[in-house]
Amino acid sequence: MIRRVLVTGGAGFIGSAVCRLLVARGYHVVCLDKLTYAGNRASLRDAEAEPGFHFVRADIADTETVLELLRNERIEGIMHLAAESHVDRSIDSPAAFVETNVVGTVRLLDAALAHWRTLPARAREHFRFHHVSTDEVFGDLPFDSGVFTEATPYAPSSPYSASKAASDHFVRAWHETYGLPVVLSNCSNNYGPFHFPEKLIPLTILNALEGRPLPVYGRGENVRDWLFVEDHAAALERVLTQGRPGETYLIGGRAEATNLSVVEAICDILDRRQPLPGMVRRSLIGFVADRPGHDRRYAIDPAKAERELGWTPNESFASGLSKTVDWYLANRWWWEPIRASNYAGERLGRVA
Ligand code: NAD
Ligand code: TDX
(Lines give C-alpha, C1' and ligand atoms only; values in the text may rest on other atoms or scores of the structure.)
(Ligands and ions follow the chains in the order given, each with its own letter.)
Protein backbone atom coordinates (compact mmCIF):
# COMPACT_ATOMS: atom_id res chain seq x y z
CA MET A 1 0.00 0.00 0.00
CA ILE A 2 1.30 3.46 -0.91
CA ARG A 3 1.35 5.86 2.07
CA ARG A 4 4.40 8.09 1.40
CA VAL A 5 3.93 10.25 -1.69
CA LEU A 6 6.01 12.87 -3.49
CA VAL A 7 3.76 15.40 -5.26
CA THR A 8 5.61 17.55 -7.83
CA GLY A 9 3.97 20.87 -8.69
CA GLY A 10 2.03 20.73 -5.42
CA ALA A 11 1.95 24.52 -5.09
CA GLY A 12 -0.01 24.80 -8.34
CA PHE A 13 -3.74 24.62 -8.99
CA ILE A 14 -4.33 20.86 -9.25
CA GLY A 15 -1.27 19.89 -7.18
CA SER A 16 -2.51 21.87 -4.18
CA ALA A 17 -5.91 20.13 -4.41
CA VAL A 18 -4.08 16.78 -4.50
CA CYS A 19 -1.97 17.73 -1.45
CA ARG A 20 -5.08 18.78 0.51
CA LEU A 21 -6.86 15.53 -0.37
CA LEU A 22 -3.91 13.23 0.42
CA VAL A 23 -3.13 14.93 3.73
CA ALA A 24 -6.79 14.70 4.75
CA ARG A 25 -6.69 10.97 3.95
CA GLY A 26 -3.67 10.38 6.18
CA TYR A 27 -0.88 10.09 3.60
CA HIS A 28 2.61 11.40 4.33
CA VAL A 29 2.98 14.04 1.59
CA VAL A 30 6.18 15.64 0.38
CA CYS A 31 5.47 18.51 -1.99
CA LEU A 32 8.28 19.47 -4.36
CA ASP A 33 7.81 22.73 -6.26
CA LYS A 34 10.05 25.30 -7.92
CA LEU A 35 7.56 28.10 -7.21
CA THR A 36 7.41 29.59 -10.70
CA TYR A 37 4.96 32.44 -11.35
CA ALA A 38 2.17 29.80 -11.08
CA GLY A 39 3.35 28.24 -7.81
CA ASN A 40 1.99 29.70 -4.59
CA ARG A 41 2.54 28.51 -1.03
CA ALA A 42 -0.64 30.33 -0.03
CA SER A 43 -2.56 27.60 -1.90
CA LEU A 44 -1.08 25.09 0.57
CA ARG A 45 -2.07 26.96 3.73
CA ASP A 46 -4.43 24.20 4.92
CA ALA A 47 -2.08 21.33 4.04
CA GLU A 48 0.91 23.04 5.71
CA ALA A 49 -0.98 23.08 9.00
CA GLU A 50 -0.93 19.26 9.08
CA PRO A 51 1.95 17.21 10.53
CA GLY A 52 2.02 14.78 7.60
CA PHE A 53 2.98 17.51 5.10
CA HIS A 54 6.43 18.68 4.08
CA PHE A 55 7.28 21.35 1.46
CA VAL A 56 10.55 21.48 -0.47
CA ARG A 57 11.43 24.20 -2.98
CA ALA A 58 13.33 22.51 -5.82
CA ASP A 59 13.35 21.96 -9.59
CA ILE A 60 12.24 18.56 -10.91
CA ALA A 61 15.27 18.76 -13.23
CA ASP A 62 17.65 18.66 -10.23
CA THR A 63 18.08 14.88 -10.26
CA GLU A 64 20.47 14.77 -7.28
CA THR A 65 18.23 16.76 -4.96
CA VAL A 66 15.18 14.75 -6.01
CA LEU A 67 16.97 11.42 -5.51
CA GLU A 68 18.15 12.44 -2.05
CA LEU A 69 14.59 13.43 -1.15
CA LEU A 70 13.14 10.16 -2.48
CA ARG A 71 15.62 8.20 -0.34
CA ASN A 72 15.42 10.27 2.85
CA GLU A 73 11.63 10.39 2.76
CA ARG A 74 11.29 6.70 1.77
CA ILE A 75 8.89 7.65 -1.04
CA GLU A 76 6.55 4.88 -2.30
CA GLY A 77 4.74 6.82 -5.02
CA ILE A 78 5.38 9.92 -7.15
CA MET A 79 2.52 12.03 -8.49
CA HIS A 80 4.10 14.21 -11.17
CA LEU A 81 2.13 17.40 -11.80
CA ALA A 82 4.91 20.00 -12.10
CA ALA A 83 4.69 21.64 -15.51
CA GLU A 84 4.37 24.82 -17.46
CA SER A 85 0.62 24.63 -18.00
CA HIS A 86 -0.69 27.63 -19.93
CA VAL A 87 -1.24 27.22 -23.69
CA ASP A 88 -1.04 30.98 -24.39
CA ARG A 89 2.34 31.26 -22.63
CA SER A 90 3.58 28.28 -24.67
CA ILE A 91 2.84 30.28 -27.83
CA ASP A 92 4.90 33.24 -26.53
CA SER A 93 7.80 31.25 -24.95
CA PRO A 94 7.88 27.56 -25.92
CA ALA A 95 11.42 26.89 -24.60
CA ALA A 96 10.34 26.86 -20.94
CA PHE A 97 7.78 24.17 -21.81
CA VAL A 98 10.48 21.94 -23.28
CA GLU A 99 12.77 22.61 -20.29
CA THR A 100 10.29 21.63 -17.61
CA ASN A 101 7.72 19.39 -19.27
CA VAL A 102 10.13 17.35 -21.39
CA VAL A 103 13.67 17.65 -19.98
CA GLY A 104 12.46 18.08 -16.39
CA THR A 105 10.25 14.99 -16.66
CA VAL A 106 13.14 12.91 -18.04
CA ARG A 107 15.41 14.05 -15.20
CA LEU A 108 12.68 13.20 -12.69
CA LEU A 109 12.29 9.77 -14.29
CA ASP A 110 16.05 9.24 -13.86
CA ALA A 111 15.79 10.00 -10.14
CA ALA A 112 12.70 7.80 -9.77
CA LEU A 113 14.41 4.88 -11.53
CA ALA A 114 17.59 5.19 -9.43
CA HIS A 115 15.49 5.17 -6.24
CA TRP A 116 13.23 2.33 -7.40
CA ARG A 117 16.20 0.10 -8.28
CA THR A 118 17.49 0.24 -4.71
CA LEU A 119 14.18 -0.81 -3.14
CA PRO A 120 13.54 -4.37 -1.86
CA ALA A 121 11.55 -6.57 -4.29
CA ARG A 122 8.18 -6.13 -2.60
CA ALA A 123 8.53 -2.35 -2.37
CA ARG A 124 9.56 -2.26 -6.06
CA GLU A 125 6.37 -4.07 -6.97
CA HIS A 126 4.15 -1.56 -5.13
CA PHE A 127 6.00 1.59 -6.21
CA ARG A 128 4.26 3.87 -8.75
CA PHE A 129 5.33 6.82 -10.93
CA HIS A 130 2.11 8.59 -11.86
CA HIS A 131 2.29 11.11 -14.71
CA VAL A 132 -0.55 13.62 -14.67
CA SER A 133 -1.24 14.67 -18.22
CA THR A 134 -3.83 16.34 -20.40
CA ASP A 135 -6.38 15.48 -23.07
CA GLU A 136 -4.78 18.19 -25.24
CA VAL A 137 -2.20 15.61 -26.40
CA PHE A 138 -4.93 14.14 -28.64
CA GLY A 139 -5.43 17.42 -30.51
CA ASP A 140 -8.46 18.74 -32.26
CA LEU A 141 -11.93 17.11 -32.43
CA PRO A 142 -14.59 18.23 -34.91
CA PHE A 143 -17.49 20.20 -33.40
CA ASP A 144 -20.12 17.59 -34.13
CA SER A 145 -18.59 14.15 -33.52
CA GLY A 146 -16.00 12.02 -31.75
CA VAL A 147 -14.59 11.61 -28.24
CA PHE A 148 -11.10 10.86 -26.92
CA THR A 149 -10.47 7.35 -25.56
CA GLU A 150 -7.28 5.64 -24.38
CA ALA A 151 -6.85 4.41 -27.97
CA THR A 152 -6.94 7.85 -29.62
CA PRO A 153 -3.68 8.64 -31.48
CA TYR A 154 -1.59 11.59 -30.30
CA ALA A 155 -1.86 14.78 -32.42
CA PRO A 156 -0.88 17.79 -30.30
CA SER A 157 -1.41 21.29 -31.74
CA SER A 158 0.26 23.74 -29.34
CA PRO A 159 3.80 23.88 -27.96
CA TYR A 160 2.21 23.09 -24.55
CA SER A 161 0.41 19.97 -25.76
CA ALA A 162 3.43 18.86 -27.82
CA SER A 163 5.57 19.05 -24.66
CA LYS A 164 3.00 17.06 -22.66
CA ALA A 165 2.77 14.47 -25.46
CA ALA A 166 6.56 14.11 -25.40
CA SER A 167 6.57 13.65 -21.62
CA ASP A 168 3.83 10.98 -21.87
CA HIS A 169 6.00 9.09 -24.36
CA PHE A 170 9.09 9.29 -22.14
CA VAL A 171 7.14 8.05 -19.12
CA ARG A 172 5.86 5.08 -21.11
CA ALA A 173 9.39 4.42 -22.43
CA TRP A 174 10.75 4.21 -18.87
CA HIS A 175 8.16 1.48 -18.25
CA GLU A 176 8.83 -0.48 -21.43
CA THR A 177 12.62 -0.10 -21.33
CA TYR A 178 13.56 -0.10 -17.65
CA GLY A 179 10.47 -1.67 -16.05
CA LEU A 180 9.61 1.39 -13.91
CA PRO A 181 5.98 0.86 -12.77
CA VAL A 182 4.28 3.92 -14.27
CA VAL A 183 0.63 4.93 -14.61
CA LEU A 184 -0.66 7.81 -16.72
CA SER A 185 -3.81 9.88 -16.64
CA ASN A 186 -5.00 12.40 -19.22
CA CYS A 187 -7.62 14.80 -17.96
CA SER A 188 -9.90 17.40 -19.49
CA ASN A 189 -10.06 21.10 -18.45
CA ASN A 190 -10.14 21.62 -14.68
CA TYR A 191 -11.70 24.53 -12.82
CA GLY A 192 -12.24 25.42 -9.17
CA PRO A 193 -10.56 27.16 -6.20
CA PHE A 194 -6.91 28.34 -6.40
CA HIS A 195 -6.93 28.44 -10.24
CA PHE A 196 -4.36 30.96 -11.51
CA PRO A 197 -6.28 33.83 -13.15
CA GLU A 198 -4.68 33.50 -16.59
CA LYS A 199 -7.07 30.64 -17.45
CA LEU A 200 -10.54 31.27 -18.92
CA ILE A 201 -12.75 30.64 -15.87
CA PRO A 202 -10.85 32.52 -13.12
CA LEU A 203 -9.90 35.33 -15.54
CA THR A 204 -13.55 35.78 -16.48
CA ILE A 205 -14.71 35.70 -12.85
CA LEU A 206 -12.25 38.38 -11.74
CA ASN A 207 -12.70 40.64 -14.78
CA ALA A 208 -16.49 40.35 -14.54
CA LEU A 209 -16.39 41.08 -10.83
CA GLU A 210 -14.47 44.29 -11.54
CA GLY A 211 -16.63 45.26 -14.56
CA ARG A 212 -13.67 44.86 -16.97
CA PRO A 213 -13.86 43.54 -20.59
CA LEU A 214 -14.30 39.77 -21.02
CA PRO A 215 -12.16 38.58 -23.96
CA VAL A 216 -13.59 35.60 -25.85
CA TYR A 217 -11.28 34.16 -28.52
CA GLY A 218 -12.74 33.88 -32.04
CA ARG A 219 -16.53 33.51 -31.85
CA GLY A 220 -16.57 31.64 -28.53
CA GLU A 221 -17.66 28.44 -30.29
CA ASN A 222 -14.73 26.27 -29.15
CA VAL A 223 -15.78 23.49 -26.79
CA ARG A 224 -14.00 22.35 -23.63
CA ASP A 225 -14.99 19.45 -21.33
CA TRP A 226 -14.95 20.71 -17.72
CA LEU A 227 -14.13 18.89 -14.48
CA PHE A 228 -14.16 20.30 -10.93
CA VAL A 229 -10.60 20.14 -9.57
CA GLU A 230 -11.51 18.20 -6.41
CA ASP A 231 -13.14 15.51 -8.55
CA HIS A 232 -9.91 15.29 -10.54
CA ALA A 233 -7.84 15.00 -7.34
CA ALA A 234 -10.05 12.12 -6.17
CA ALA A 235 -9.58 10.38 -9.53
CA LEU A 236 -5.81 10.84 -9.29
CA GLU A 237 -5.65 9.12 -5.91
CA ARG A 238 -7.43 6.14 -7.49
CA VAL A 239 -5.10 6.09 -10.49
CA LEU A 240 -2.11 6.07 -8.13
CA THR A 241 -3.41 3.34 -5.86
CA GLN A 242 -5.52 1.18 -8.21
CA GLY A 243 -4.11 1.86 -11.68
CA ARG A 244 -2.37 -0.98 -13.48
CA PRO A 245 1.30 -0.39 -14.38
CA GLY A 246 1.79 0.75 -17.97
CA GLU A 247 -1.86 1.80 -18.32
CA THR A 248 -3.42 5.14 -19.23
CA TYR A 249 -6.71 6.41 -17.78
CA LEU A 250 -8.73 9.24 -19.31
CA ILE A 251 -10.45 11.45 -16.73
CA GLY A 252 -13.34 13.78 -17.51
CA GLY A 253 -16.73 14.89 -16.28
CA ARG A 254 -18.88 14.52 -19.44
CA ALA A 255 -19.46 18.28 -19.25
CA GLU A 256 -18.87 19.86 -22.65
CA ALA A 257 -19.60 23.57 -23.04
CA THR A 258 -18.77 26.29 -25.56
CA ASN A 259 -16.51 29.03 -24.22
CA LEU A 260 -19.22 31.62 -24.83
CA SER A 261 -21.75 29.66 -22.76
CA VAL A 262 -19.22 29.38 -19.90
CA VAL A 263 -18.53 33.13 -19.91
CA GLU A 264 -22.25 33.90 -20.06
CA ALA A 265 -22.96 31.53 -17.15
CA ILE A 266 -20.32 33.28 -15.01
CA CYS A 267 -21.83 36.69 -15.89
CA ASP A 268 -25.28 35.50 -14.84
CA ILE A 269 -24.08 34.02 -11.51
CA LEU A 270 -22.24 37.23 -10.65
CA ASP A 271 -25.22 39.40 -11.66
CA ARG A 272 -27.26 37.45 -9.10
CA ARG A 273 -24.60 37.57 -6.36
CA GLN A 274 -23.26 41.12 -6.85
CA PRO A 275 -25.23 43.15 -9.42
CA LEU A 276 -23.48 46.08 -11.12
CA PRO A 277 -25.62 49.24 -11.11
CA GLY A 278 -27.32 49.81 -14.47
CA MET A 279 -25.62 47.00 -16.44
CA VAL A 280 -25.68 43.27 -17.09
CA ARG A 281 -22.26 41.68 -17.22
CA ARG A 282 -22.91 39.91 -20.56
CA SER A 283 -22.44 43.38 -22.10
CA LEU A 284 -18.73 43.17 -21.10
CA ILE A 285 -18.17 40.23 -23.49
CA GLY A 286 -15.98 41.08 -26.50
CA PHE A 287 -14.82 38.79 -29.32
CA VAL A 288 -11.05 39.13 -29.83
CA ALA A 289 -8.48 37.69 -32.26
CA ASP A 290 -8.45 33.90 -32.04
CA ARG A 291 -5.69 31.84 -30.37
CA PRO A 292 -3.29 30.51 -33.05
CA GLY A 293 -3.72 26.75 -33.52
CA HIS A 294 -6.86 26.85 -31.38
CA ASP A 295 -8.26 23.31 -31.02
CA ARG A 296 -11.98 23.34 -31.71
CA ARG A 297 -13.25 20.78 -29.29
CA TYR A 298 -12.11 18.38 -26.54
CA ALA A 299 -14.33 15.60 -25.17
CA ILE A 300 -13.35 12.70 -22.90
CA ASP A 301 -14.91 9.27 -22.68
CA PRO A 302 -14.10 8.37 -19.03
CA ALA A 303 -15.67 4.86 -19.20
CA LYS A 304 -12.41 3.03 -18.40
CA ALA A 305 -11.76 5.10 -15.23
CA GLU A 306 -15.39 4.64 -14.18
CA ARG A 307 -15.27 0.88 -14.79
CA GLU A 308 -11.78 0.00 -13.52
CA LEU A 309 -11.30 2.59 -10.78
CA GLY A 310 -14.92 3.01 -9.68
CA TRP A 311 -14.54 6.80 -10.03
CA THR A 312 -17.31 9.27 -10.87
CA PRO A 313 -17.36 13.03 -10.25
CA ASN A 314 -19.44 14.57 -7.45
CA GLU A 315 -20.01 17.98 -9.03
CA SER A 316 -22.05 18.85 -12.11
CA PHE A 317 -20.68 21.75 -14.14
CA ALA A 318 -23.47 24.00 -12.82
CA SER A 319 -22.83 23.15 -9.14
CA GLY A 320 -19.05 23.33 -9.52
CA LEU A 321 -19.14 26.65 -11.35
CA SER A 322 -21.38 28.20 -8.73
CA LYS A 323 -19.05 26.95 -5.93
CA THR A 324 -16.06 28.34 -7.82
CA VAL A 325 -17.55 31.83 -8.22
CA ASP A 326 -18.41 31.83 -4.50
CA TRP A 327 -14.86 30.80 -3.63
CA TYR A 328 -13.37 33.75 -5.56
CA LEU A 329 -15.85 36.11 -3.90
CA ALA A 330 -14.84 34.82 -0.45
CA ASN A 331 -11.08 34.55 -0.99
CA ARG A 332 -9.74 37.90 -2.09
CA TRP A 333 -6.71 37.30 0.19
CA TRP A 334 -5.59 34.66 -2.31
CA TRP A 335 -6.09 36.41 -5.66
CA GLU A 336 -5.65 40.12 -4.94
CA PRO A 337 -1.85 39.84 -4.51
CA ILE A 338 -1.61 37.87 -7.78
CA ARG A 339 -3.60 40.47 -9.73
CA ALA A 340 -1.62 43.31 -8.14
CA SER A 341 1.91 42.05 -8.69
CA ASN A 342 2.10 38.81 -10.66
CA TYR A 343 -0.41 38.82 -13.53
CA ALA A 344 -3.03 41.54 -14.04
CA GLY A 345 -4.98 39.86 -16.84
CA GLU A 346 -3.30 41.13 -20.03
CA ARG A 347 -3.73 39.15 -23.29
CA LEU A 348 -1.11 36.45 -23.85
CA GLY A 349 -0.34 34.20 -26.80
CA ARG A 350 -0.91 36.33 -29.88
CA VAL A 351 1.39 35.61 -32.79
CA ALA A 352 2.74 38.91 -34.18
P1 NAD B 1 -0.18 25.10 -12.57
O2 NAD B 1 0.50 25.93 -13.62
O3 NAD B 1 -1.24 25.73 -11.73
O4 NAD B 1 0.92 24.53 -11.55
C5 NAD B 1 2.14 24.01 -11.97
C6 NAD B 1 3.07 23.93 -10.76
O7 NAD B 1 4.31 23.34 -11.17
C8 NAD B 1 3.40 25.28 -10.14
O9 NAD B 1 3.27 25.22 -8.73
C10 NAD B 1 4.86 25.50 -10.53
O11 NAD B 1 5.59 26.29 -9.58
C12 NAD B 1 5.39 24.07 -10.60
N13 NAD B 1 6.56 23.93 -11.47
C14 NAD B 1 6.69 24.40 -12.74
N15 NAD B 1 7.91 24.09 -13.22
C16 NAD B 1 8.55 23.37 -12.24
C17 NAD B 1 9.81 22.73 -12.16
N18 NAD B 1 10.70 22.79 -13.16
N19 NAD B 1 10.14 22.07 -11.02
C20 NAD B 1 9.26 22.02 -9.98
N21 NAD B 1 8.04 22.62 -10.01
C22 NAD B 1 7.69 23.29 -11.13
O23 NAD B 1 -0.70 23.81 -13.31
P24 NAD B 1 -2.04 22.95 -13.07
O25 NAD B 1 -3.13 23.54 -13.85
O26 NAD B 1 -2.19 22.69 -11.63
O27 NAD B 1 -1.62 21.60 -13.81
C28 NAD B 1 -0.91 20.57 -13.12
C29 NAD B 1 -0.64 19.42 -14.06
O30 NAD B 1 -1.85 18.89 -14.55
C31 NAD B 1 0.19 19.82 -15.29
O32 NAD B 1 1.09 18.78 -15.56
C33 NAD B 1 -0.84 19.94 -16.39
O34 NAD B 1 -0.26 19.65 -17.65
C35 NAD B 1 -1.84 18.90 -15.98
N36 NAD B 1 -3.25 19.15 -16.41
C37 NAD B 1 -3.84 20.35 -16.16
C38 NAD B 1 -5.17 20.55 -16.53
C39 NAD B 1 -5.87 21.86 -16.24
O40 NAD B 1 -7.00 22.04 -16.69
N41 NAD B 1 -5.31 22.79 -15.49
C42 NAD B 1 -5.87 19.53 -17.15
C43 NAD B 1 -5.24 18.31 -17.39
C44 NAD B 1 -3.93 18.14 -17.01
O1 TDX C 1 -9.17 34.98 -22.24
C2 TDX C 1 -9.45 33.86 -22.74
N3 TDX C 1 -10.47 33.78 -23.65
C4 TDX C 1 -10.82 32.61 -24.26
O5 TDX C 1 -11.74 32.58 -25.08
C6 TDX C 1 -8.73 32.67 -22.39
C7 TDX C 1 -7.60 32.70 -21.40
C8 TDX C 1 -9.10 31.48 -23.01
N9 TDX C 1 -10.09 31.45 -23.93
C10 TDX C 1 -10.49 30.16 -24.54
C11 TDX C 1 -9.37 29.32 -25.09
C12 TDX C 1 -9.86 27.90 -24.81
O13 TDX C 1 -10.69 27.46 -25.88
O14 TDX C 1 -11.07 29.40 -23.48
C15 TDX C 1 -10.72 28.03 -23.56
C16 TDX C 1 -9.99 27.63 -22.30
O17 TDX C 1 -8.72 28.27 -22.31
P18 TDX C 1 -7.65 28.06 -21.14
O19 TDX C 1 -8.29 28.39 -19.84
O20 TDX C 1 -6.40 28.79 -21.53
O21 TDX C 1 -7.46 26.48 -21.16
P22 TDX C 1 -7.00 25.45 -22.30
O23 TDX C 1 -6.20 26.12 -23.34
O24 TDX C 1 -8.21 24.71 -22.76
O25 TDX C 1 -6.02 24.49 -21.44
C26 TDX C 1 -6.39 24.07 -20.10
O27 TDX C 1 -6.95 22.79 -20.09
C28 TDX C 1 -6.12 21.70 -20.39
C29 TDX C 1 -5.17 24.11 -19.19
O30 TDX C 1 -4.58 25.40 -19.22
C31 TDX C 1 -4.16 23.05 -19.58
O32 TDX C 1 -3.07 23.04 -18.65
C33 TDX C 1 -4.84 21.71 -19.56
O34 TDX C 1 -3.98 20.72 -20.02
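It should be emphasised that the depicted structure is a prediction, and the values quoted were computed from it without experimental measurement.

Parameters and conventions
- Residues numbered from 1 in each chain as written.
- Chains lettered and ligands numbered in written order.
- Predicted model: local features only at pLDDT ≥ 70, side-chain atom pairs only at ≥ 80, totals over all residues.
- Heavy atoms only, no water.
- 1 Å grid on protein atoms, 1.4 Å probe; cavity = no way out; pocket = protein on both sides within 12 Å on 5 of 7 lines; lining within 4 Å.
- Points joined across faces, edges and corners; volume = space filled by probe spheres on them.
- Helix = DSSP H or I, 4+ residues; strand = E, 2+ residues; numbered from the N terminus.
- Nonpolar A, V, L, I, M, F, W, Y, C, P; charged D, E, K, R; others polar.
- Buried < 20%, exposed > 50% of the residue type's maximum accessible area, 1.4 Å probe, protein only.
- Polar contact = N/O pair within 3.5 Å; in protein donor to acceptor, adjacent residues only side chain to side chain.
- Axes fitted to C-alpha atoms, helices over the stretch in contact; angles between N-to-C directions.
- Left-handed = near helix turned anticlockwise from the far one by under 90°.
- Contact = heavy atoms within 4.5 Å.
- Near = heavy atom within 4 Å.
- Areas by Shrake-Rupley, 256 points an atom, 1.4 Å probe, with all protein chains shown as cover.

A. Structural detail: the layout of surface pockets. When its volume is computed, the second largest pocket comes out at roughly 190 Å³. Along the wall of the second largest pocket there are 14 residues; nearest its centre are Arg25, Asp231, Ala234, Thr312 and Asn314. With five residues, helix H9 (residues 229–242) is the single largest residue contributor to the lining of the second largest pocket. Broken down by class, the residue content of the lining of the second largest pocket amounts to four nonpolar, three polar and seven charged.

B. Just the environment of Arg347, in detail. Tracing the sequence through the fold places Arg347 in the segment after helix H13 (332–341). What makes Arg347 partly exposed here is its relative accessible area of 23%. Between the alpha carbons of Arg347 and Arg89 there is a distance of 10.0 Å; along the sequence they are 258 residues apart. A distance of 3.5 Å separates polar atoms of two side chains, one belonging to Arg347 and the other to Tyr217. Looking at Arg347, its side chain comes within polar contact range of the main-chain oxygen of Ala289, at 2.9 Å.

C. Region of the structure containing the packing of helix H3 (residues 63–72) against helix H5 (residues 95–117). As a packed pair, H3 and H5 sit with axes 9 Å apart at the nearest point and diverge in direction by 35 degrees. The handedness of the crossing between H3 and H5 is right-handed. Every residue of H5 that contacts H3 at Thr63, Val66, Leu67, Leu70 and Arg71 is listed here: Arg107, Leu108, Asp110, Ala111, Ala112, Ala114 and His115.

D. Looking closely at the side chain of Ser188. With respect to the helices and strands, the residue Ser188 is situated in the loop between strand S6 (182–187) and strand S7 (189–191). A distance of 3.0 Å separates the side chain of Ser188 from the backbone oxygen of Asp225, its partner in a polar contact. Aside from chain neighbours lying at most four places away, what touches Ser188 is Asp135, Asp225, Trp226, Leu227, Ile251, Gly252, Gly253 and Ile300.

E. Representation of the site of ligand 2 within the structure. With respect to spatial proximity, 18 residues lie near ligand 2, and among them Thr134, Glu136, Tyr160, Arg291 and His294 are the closest. Taking Thr134, its side chain carries an N or O atom lying 2.7 Å from an oxygen atom of ligand 2. Within the side chain of Arg224, a nitrogen or oxygen atom sits 2.9 Å from an oxygen atom of ligand 2. Bound to the protein, ligand 2 loses 93% of the 660 Å² it would expose on its own. Elements represented by at least two residues in the shell around ligand 2 include exactly helix H8 (200–209) and strand S8 (214–217). Broken down by element, the residue count for the shell around ligand 2 peaks at three residues, all from S8.

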